[in-house]
Amino acid sequence: MVDRRTYAFEGTQPTIDETARVSREATLVGDVDIGADASVWPGVVLRGDVGPVRIGRETHVGDNATIHASQLGEQVMVGHGAILNETTVEDRALVGFNATTNSDVTIGSGSIVAAGTVVPDGYDIPPESFVRGVPAEITPLEKTGIDAEAILKEYSSGEYTDLAKRHEELFE
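Residues numbered from 1 in each chain as written. Predicted model: local features only at pLDDT ≥ 70, side-chain atom pairs only at ≥ 80, totals over all residues. Heavy atoms only, no water.

The protein chain carries the name Carbonic anhydrase/acetyltransferase-like protein (Isoleucine patch superfamily) in an unreviewed UniProt entry, which gives Natrinema hispanicum as its organism.

Structure, rendered in C-alpha cells:
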C-alpha cells in the first residue's frame, strides 16, 4: 500500500519514472517530474507551484530536504535538510546537509556546496567549485585539494541507487 502524498496544483499532477524510488512519506505538489533511478527520501517536499521541479536521472534527494521551483540535473546529490528555492543544480553536483540556496541561484556541474552553507539570491556558481560559508564563498575545486570525483562517486548514482532499492518498505 502506497501512502505517498502527491497533490495536483492547478490541474498539474506530479510524474514519477517507473524506476524512481519515492518514499511514501515524501510530499510532491504540482509540476514535479522525477527521472529514472532517482530517489526521494522520507520527509522531502517537492513543490512545483510557482515553477516546475525537475529531478534528473540518478539524482538523490535526502531526508527532509525542500525543493521549490528548482531544476536538478543528472547524478545530483542533495543532502538531508537542504533547502533549494528557485535553483538550478547542474549535473554531478553535491549540495550538503542543511545547505540553503535562495532565489535565482545556479550551481555549476561538478560543484560541491558544503553542509550548512547559505547561498544568497542571484549567485552563479561556476562548474567545479567548492562553496562554503554564511554567506557563501566560492573557490575553484582545483585550489582546494578536494577530490570531487571521489566524493561524487562515493555519494552519487550507483551506491545510493542501490541503497534506495534495499529500502523496500520506504519506497513501496
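We are not done yet, so read on.
## Overview of the side chain of His60
Of note, His60 is situated in strand S7 (residues 60-61). Take His60: its relative accessible area is 0%, and that puts it in the buried class. (Helix = DSSP H or I, 4+ residues; strand = E, 2+ residues; numbered from the N terminus. Buried < 20%, exposed > 50% of the residue type's maximum accessible area, 1.4 Å probe, protein only.)

## Quick look at the environment of Ala115
Assignment of secondary structure puts Ala115 in the loop between strand S16 (112-113) and strand S17 (118-119). Sequence-wise, Ala115 and Val95 are 20 residues apart; in three dimensions their C-alpha atoms are separated by 7.3 Å.

## Let's talk about the layout of surface pockets
Of the voids in this model, the second largest pocket is the one considered here, and its volume is about 160 Å³. Lining the second largest pocket, in full, are Arg92, Gly110, Pro127, Glu128, Pro140, Leu141, Glu142, Ala148, Glu149 and Leu152. A breakdown of the residues in the lining of the second largest pocket according to their chemical character gives 5 nonpolar, 1 polar and 4 charged. (1 Å grid on protein atoms, 1.4 Å probe; cavity = no way out; pocket = protein on both sides within 12 Å on 5 of 7 lines; lining within 4 Å. Points joined across faces, edges and corners; volume = space filled by probe spheres on them. Nonpolar A, V, L, I, M, F, W, Y, C, P; charged D, E, K, R; others polar.)

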